[in-house]
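Understanding the architecture of this molecule
Here are the chains, one letter per residue:
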Amino acid sequence: SLPYGLQLEAGHFFTEFGRLNPRHPHQWHWQDQPIINTRLFGPDGMRGPGFRLGWLMPVSWFSELHFGVQNANGETMASFLAGEEFLSERPIGNRPFVNRMVKSLKDLAYLARMDNSWDLTDDITMKLGFSGLYGPNATGADGETSIYGSDLVVKWRPADNARGWPFLIFESDVMKRAYKAAAFFDDSDPIDIVDIPEKTLKDWGLYSQLLYGFSPGWAAGLRYEHAAGSGQSLGGRDKDPFRDDRSRISPLLTWMPTEFSRFRIQYNYDRAEHLPDKEAHSAWLGIEFMYG
């Protein structure tokens, strides 16, 4: 009921960056999240306490502008202040952790996002979004992170569908991170003095997926992903499992016998520099029931 098309959201929530991060895992079409999402937002997605102000813009199509502020600290803020426990397991560029407290507005993470949607025909809808994030990181007082990206969804569903089938959904996200790692110096051990210069580590990636609902209750899809970057990790980027070049292809088959249950079979083929044989195979079986 706020005036001027405004909407306020406050509390602990998923950061509205791209298509996938704002969704809970049970809302994903595939069973795992894309490589670049995990690298930039962590295995559990980026979320934290804060607020988000939305403005429904007065234009002829659906267009909403978001501005958000969240606490940059915590284990779910992977690219920002995160926490020592999280970064000891998943260090970005293998850089040392420097504890930074949230004391002022410059210690928060800031979001800007624009969502657009058009009905191209009675059967086809297109959504286009742009996202940006900025905040401090845990490499020192001068450490800062910028993340930006764009996302696209095109949906086809005929007006005379049977319980939502058939349908065709194309979805794609591309995003890039500039991680400015501050200089680090430690001479507490005269025998092993640590002197690491400032460096900006850049990581980017994308995923594109196509899901086809070919018969009531059944859908099949294919997803392709790639992640890469520039700027050396300590020890080399090609040996860093969180920053090396990596590609993945994932076919998927889904069966929904009811509105409240879902069975999924998925296969992942990965190629990555840090893997012993440069490749890996994995099979996923998911069984899901909803009740309430």
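Refer to the structure above for everything that follows.
Notes on the structure follow. Quantities reported herein were computed from a predicted structural model and do not represent experimental measurements. Here the residue numbers are simple positions, counted from 1 along each chain's written sequence. The predicted origin of the model limits local features to residues at a pLDDT of at least 70 and limits the giving and counting of side-chain atom pairs to 80 or more, whereas totals for whole chains, interfaces and linings rest on all residues. Side-chain numbers come from the whole structure's heavy atoms, not from hydrogens or water.

Another point: the overall build of the protein chain. Helix and strand definitions here come from DSSP, where helices need a minimum of 4 consecutive H or I residues and strands a minimum of 2 consecutive E residues; each element is numbered from the N-terminal end. Secondary structure assignment for the protein chain yields two helices and 14 strands. Here the protein chain has a C-alpha radius of gyration of 21 Å; the compact-globule value for 292 residues is 19 Å, and the two agree. Its C-alpha atoms give the protein chain principal-axis dimensions of about 75 × 55 × 35 Å. Counting over 292 residues, the protein chain shows a buried share of 44%. Here the globule rule is a power law, 2.2 Å times the number of residues to the power 0.38, and the radius of gyration is based on C-alpha atoms. Buried means the residue's accessible area, taken with a 1.4 Å probe over protein chains only, is under 20% of the maximum for its type, while exposed means over 50%, and partly exposed covers the values in between.

This next bit is on the sheet that holds strand 6 (residues 144-156). Pairing is antiparallel across the open sheet formed by 12 strands, whose spatial order is 1-2-3-4-5-6-7-10-11-12-13-14. Of all the strands in the sheet, just strand 1 (6-14) and strand 14 (279-289) have a single pairing partner and so form its edges. The average undirected angle you get between the axes of adjacent strands in this sheet is 15°. At least two bridges found by DSSP between two strands is the condition for calling them paired. Bridge count for strand 7 (residues 167-181) against strand 10 (residues 199-215) is 15 bridges, and the pairing is antiparallel. Looking at strand 10, one finds that Met175 is bridged to Gly205. For helices, the fitted axis covers only the stretch in contact; all axes are lines through C-alpha atoms, and the angles between them, taken along N-to-C directions, range from 0 to 180 degrees.

Looking now at the nonpolar core. By nonpolar core we mean a set of buried residues, namely Ala, Val, Leu, Ile, Met, Phe, Trp, Tyr and Cys, connected to one another through side-chain atoms within 4.5 Å. Counting residues in hydrophobic clusters, the biggest one holds 14 residues, and the most contacted among them are Phe41, Met46, Phe80, Leu133 and Ile147. The set of elements that each furnish at least two residues to this core consists of helix 1 (35-41) and strand 4 (108-119). Among the elements that line this core, the one with the most residues is helix 1, at three residues. Any two residues whose heavy atoms approach within 4.5 Å are treated as being in contact. Beyond its immediate sequence surroundings of up to four residues, Phe80 is in contact with Met46, Ala72, Ala109, Leu133, Tyr134, Gly135, Pro136, Asn137, Ala138, Thr145 and Ile147. Phe86, Ala138, Tyr179 and Leu201 belong to the second-largest nonpolar core, a separate cluster that totals nine residues.

Pairing of aromatic rings covers Phe, Tyr and Trp, the last through its six-membered ring, and needs centres within 6.5 Å; plane angles under 30 degrees mean stacked, over 60 mean edge-to-face, and all others mean tilted. Summed over the entire model, instances satisfying the criterion amount to eight aromatic pairs. Taken together, a centroid distance of 5.7 Å and an interplanar angle of 55° make the contact between Trp165 and Phe167 tilted. On the basis of relative accessibility, which here comes to 12%, the residue Trp165 falls in the buried class. Residue class for Phe167 comes out buried when judged on its relative accessible area of 8%. Three or more aromatic residues link up through ring pairs in this structure, and these residues are Trp218, Trp255, Phe263 and Phe289.

Below, the discussion takes up the pairing of strand 4. Summarising the sheet, strand 3 (residues 62-71) and strand 4 pair through 10 bridges and their orientation is antiparallel. The partner of Phe62 across the bridge, within strand 4, is Ser117. Pairing between strand 4 and strand 5 (residues 124-136): 10 bridges, direction antiparallel. Opposite Tyr110, over in strand 5, you have Tyr134 as the bridge partner. Where strand 4 folds back onto strand 5 in an antiparallel hairpin, the turn is made up of four residues.

Moving on to the environment of Leu120. Take Leu120: it is sitting in the loop between strand 4 and strand 5. Linking Leu120 and Val154, residues 34 residues apart in sequence, is a C-alpha distance of 9.6 Å.

Residues enter patches when they are more than 30% accessible in relative terms and free of salt bridges; like-charged ones are connected within 9 Å and nonpolar ones (Val, Leu, Ile, Met, Phe, Trp, Tyr) within 5 Å. Note that accessible areas follow from Shrake-Rupley with a 1.4 Å probe, and for residues the cover is restricted to the protein chains shown. One side-chain nitrogen of Lys or Arg within 4 Å of one carboxyl oxygen of Asp or Glu is enough to make a salt bridge. On the surface, a nonpolar cluster with roughly 1,200 Å² of combined accessible area is contributed by Trp156, Leu168, Leu210, Tyr212, Phe214, Trp218, Leu253, Trp255, Ile265, Leu285, Ile287 and Phe289. Among the secondary structure elements, those contributing two or more residues to the nonpolar patch are strand 10, strand 12 (246-258) and strand 14. Mapped onto the secondary structure, Trp255 falls in strand 12.

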